[in-house]
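Reading the structure
This is what each chain is made of:
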Amino acid sequence: MSSTSSSSAPESYKGKANGLGKAFRNLDIDGHDLPPSPAPSSPRNGRKYALATELVYTEGNDQYNASSVPIYQSATFKQESATGGAGEYDYTRSGNPTRTHLERHLAKIMNATRALVVSSGMGALDVITRLLRPGDEVVTGDDLYGGTNRLLKYLATNGGIIVHHVDTTNPECVRAVINSKTTMVLLETPTNPLIKIVDIPRISEVTHAANPSAIVAVDNTMLSPLLQNPLDLGADIVYESGTKYLSGHHDLMAGVIAINDPALGEKLYFTINASGCGLSPFDSWLLLRGIKTLGVRMEKQQANAQRIAEFLESHGFKVRYPGLRSHPQYDLHWSMARGAGAVLSFETGDVNVSERIVESARLWAISVSFGCVNSLISMPCRMSHASIDAKTRAERQLPEDIIRLCVGIEDVEDLIDDLSRALVQAGAVTVTVDNFRALGADKRIGGDSDEDLTEGKQPAQDPEAASVPS
Ligand SMILES: Cc1ncc(COP(=O)(O)O)c(C=O)c1O
Ligand SMILES: N[C@@H](CCSC[C@H](N)C(=O)O)C(=O)O
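So, here is what we can say about the structure in this document. Just so you know, these numbers come straight off a predicted model, no measurement behind them.

Across the sheet, five strands lie side by side as 8-9-12-11-10; this open sheet has mixed pairing. The sheet is open, and its two edges are formed by strand 8 (318-320) and strand 10 (365-366), each paired on a single side. Judged from the three bridges that link them, strand 8 and strand 9 (residues 343-347) form a sheet pairing that is antiparallel. Pairing of Val 319 across the sheet is with Phe 346, part of strand 9. Here helix 10 (residues 294-314) sits on the sheet and contacts strand 8, strand 9 and strand 12 (403-406); the angle it forms with strand 9, its principal contact strand, is near 10°. The sheet strands contacting helix 12 (residues 351-360) are strand 10, strand 11 (376-378) and strand 12, and the helix crosses strand 12 at an angle near 25°.

Side chains Ile 403 and Leu 405 project from strand 12 onto one buried face, and the interleaved Arg 404 and Cys 406 project onto a second face that is buried too. Pairing between strand 9 and strand 12: four bridges, direction antiparallel. Within strand 12, the position partnered with Ser 345 by the bridge is Arg 404. Sheet analysis places strand 11 next to strand 12, joined by three bridges and oriented antiparallel. Looking at strand 12, one finds that Ser 378 is bridged to Arg 404.

This paragraph deals with the sheet that holds strand 5 (residues 215-219). Spatially, seven strands are ordered 1-7-6-5-4-2-3 in an open sheet, and the strand pairing comes out mixed. Two strands close off the open sheet at either side, each with one partner strand: strand 1 (114-118) and strand 3 (162-166). Going from strand to strand, the sheet's axes swing by 20° on average, the running direction of each strand aside. For strand 2 (residues 137-141) and strand 3, the ladder comprises five bridges, and the chain directions are parallel. Counted as the bridge partner of Val 138 is Val 163 from strand 3. Sheet strands touched by helix 8 (residues 262-275): strand 1 and strand 7 (255-259). Its angle to strand 1, the strand with the most contacts, is close to 15°.

Our next topic: helix 14 (residues 412-425). When the terminal C-alpha atoms of helix 14 are compared, their 20 Å separation across 14 residues agrees well with the 20 Å that a helix rising 1.5 Å per residue should span. Within helix 14 the residues assigned to the buried category are Leu 415, Leu 419, Ala 422, Leu 423, Val 424 and Gln 425. Looking at the buried side of helix 14, the elements it contacts are helix 10, helix 12, strand 13 (429-431) and strand 14 (436-438). Remark: Gly 427 follows helix 14 within two positions and exhibits a positive phi of approximately 70°.

Turning next to the nonpolar core. Among the nonpolar cores identified, the biggest contains 115 residues, and Ala 115, Val 117, Ala 217, Val 256, Ile 257, Ala 258 and Leu 344 are the most heavily contacted of them. The greatest single-element share of this core, amounting to six residues, is contributed by helix 10. Not counting the four nearest positions on each side in its chain, Val 117 is found in contact with Arg 99, Leu 102, Glu 103, Leu 106, Gly 242, Ala 254, Gly 255, Val 256, Leu 279, Ser 284 and Leu 287.

Now for the site of ligand 1. Lining the immediate environment of ligand 1, one finds 14 residues, of which Ser 120, Gly 121, Met 122, Ser 241 and Thr 243 sit closest. Contributions of two or more residues to the shell around ligand 1 are made by helix 3 (121-129) and helix 4 (146-158). Among the residues making up the shell around ligand 1, the classes are represented as three nonpolar, nine polar and two charged.

Look at helix 3 against helix 4: their axes get within 10 Å of each other, and the N-to-C directions meet at 30°. In terms of orientation, helix 3 lies roughly parallel with respect to helix 4. The chirality of how helix 3 crosses helix 4 is right-handed. The segment helix 3 lies against helix 4, with Met 122, Leu 125, Asp 126 and Thr 129 engaging Gly 147, Thr 148, Leu 151 and Leu 155. Grouping the amino acids of the contact of helix 3 with helix 4 by side-chain chemistry returns four nonpolar, three polar and one charged.

Turning our attention to the site of ligand 2. Contacts to ligand 2 come from Tyr 145, Gly 147, Asn 192, Val 368, Ser 369, Ser 384 and Ser 387. Across the shell around ligand 2, the residue classes tally to two nonpolar, five polar and no charged.

Calculation notes
- Sequence order sets the numbering: in each chain, residues are counted from 1 along the sequence as written.
- To label them, take the chains in the order written and letter them from A, then take the ligands in the order written and number them from 1.
- In keeping with the model being predicted, local features are shown solely for residues with a pLDDT of at least 70 and side-chain atom pairs are shown and tallied solely at 80 or more, while totals for entire chains, interfaces and linings include all residues.
- Paired strands are those between which DSSP finds at least two bridges.
- Strands are runs of DSSP state E lasting at least 2 residues, helices are runs of H or I lasting at least 4, and numbering of each runs from the N terminus.
- Residues are scored as being in contact if the C-beta atoms we place from backbone atoms lie within 7 Å.
- Each axis is a line fitted through C-alpha atoms, and for a helix only the stretch in contact is used; angles between axes span 0 to 180 degrees, taken between their N-to-C directions.
- Here a residue counts as buried when 20 or more other C-beta atoms sit within 10 Å of its C-beta, as exposed when there are 12 or fewer, and as partly exposed otherwise, the C-beta atoms being derived from the backbone.
- Multiply 1.5 Å by the residue count of a helix minus one, and that product is the helix's expected span.
- Structurally, a nonpolar core is described as a collection of buried Ala, Val, Leu, Ile, Met, Phe, Trp, Tyr and Cys residues joined by way of C-beta atoms within 7 Å.
- Any residue whose C-beta atom, as set from the backbone, lies within 6 Å of a molecule or strand is reported as near that molecule or strand.
- The residue classification treats Ala, Val, Leu, Ile, Met, Phe, Trp, Tyr, Cys and Pro as nonpolar and Asp, Glu, Lys and Arg as charged. All others, Gly included, are polar.
- Here the angle decides the label: under 35 degrees means roughly parallel, over 145 means roughly antiparallel, 65 to 115 means roughly perpendicular, and every other value means oblique.
- If you view the pair so one helix is near and one far, a crossing is left-handed when the near helix is turned anticlockwise from the far one by less than a right angle, and right-handed when it is turned clockwise.

Pasting the structure below:
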């Protein structure tokens, strides 16, 4: 698909077959190893299609040949006899045909032998962390989604788990804390919200060498299976918030877990059935529907994100986005992923200025989350990461002024216009006749002078008084 030939991709990468030679390597195409289902979603002819095709291609054996998998909106399924005559399904907490169909479809596109779907991304992490026992040690990053940090803190406080937050961009920092009690290494890449890149293959290698029974779990929410397959890179578990790119419309909550090890799959399934967090039939149907447009949505979203990132950088902002060559881990990112995604963050140097930008935007909705078709703007320290206390945020060097942009599928010129207006209105830029430049930009780039930048000129505060150069 054309996301592979995006202008952000390194030259050496362009023209590669989207990693699909590797994708589906572990696919059980006939479904023999998958849990039984009345609704197969793998092609019966066994043919592997390109990922963009597989996203939309499903097969079922519905009695009426329904093109859209039916929603089995039933809590119970009648049995044929009272004694051990359990059919394929008995109770929706334990299993439901719509959910199974979705799980098989996800296993296919996540290049896993088994996928499981639960009621939210945090629900997925909750299921995964129930593999831990008191005294176990977890190694994780120092830049993590706030909710992930919160759950780990809860487990450290109440569950007897020891959690090490280290700089996971440096595999040596991970190696330094791994010991025989390390049972899990939990990674995000790109991280939320600092967009740091973590070397999944290297950390998996280091972890498994130090402790072969330790599990490497990767949160792939930022990229989705369209752009990165952590299981192919050495991870043991991949999980995602289906609330984001997989569904794409912010109309449902879901979490997805994918694995290749059947024994691990059984343990995770046990927890889902025992705790009752399996995804409902209606949300399973809705998520399946969303997945079918993942390819086109992501392609447009990341093309827009690339333009926005370049726009902000060209006006002197410090931008974090792996599609920019200035990203310090650009090569590492592209060695693992097939695209840069559509989340970026930038800094203004002033929390109040950032707040004004966010509040001045009109097209960009002030909202947490990402992956939606609509563009969103947020201040992570006040919103998605507010559950990390201010002291910890400071220790982990999370800039209070950071603004996160989650780019949607709108017309990119409209997005740039709206952002430009918000920057001017917020006084985040110095405006000249035909340009504008981030305040403090020249200090950041080592005093480079800019012909267009008038020394000492006051930033425009009045939106109506400022025209918006592009
Ligand atoms: C990277 C990441 N992982 C996991 C989650 C949790 O997902 P959910 O909101 O679906 O519980 C989120 C956001 O909420 C996230 O940003
Ligand atoms: N109030 C919520 C905040 C959810 S943040 C959602 C998303 N992961 C993001 O990064 O924007 C909470 O406390 O969890």
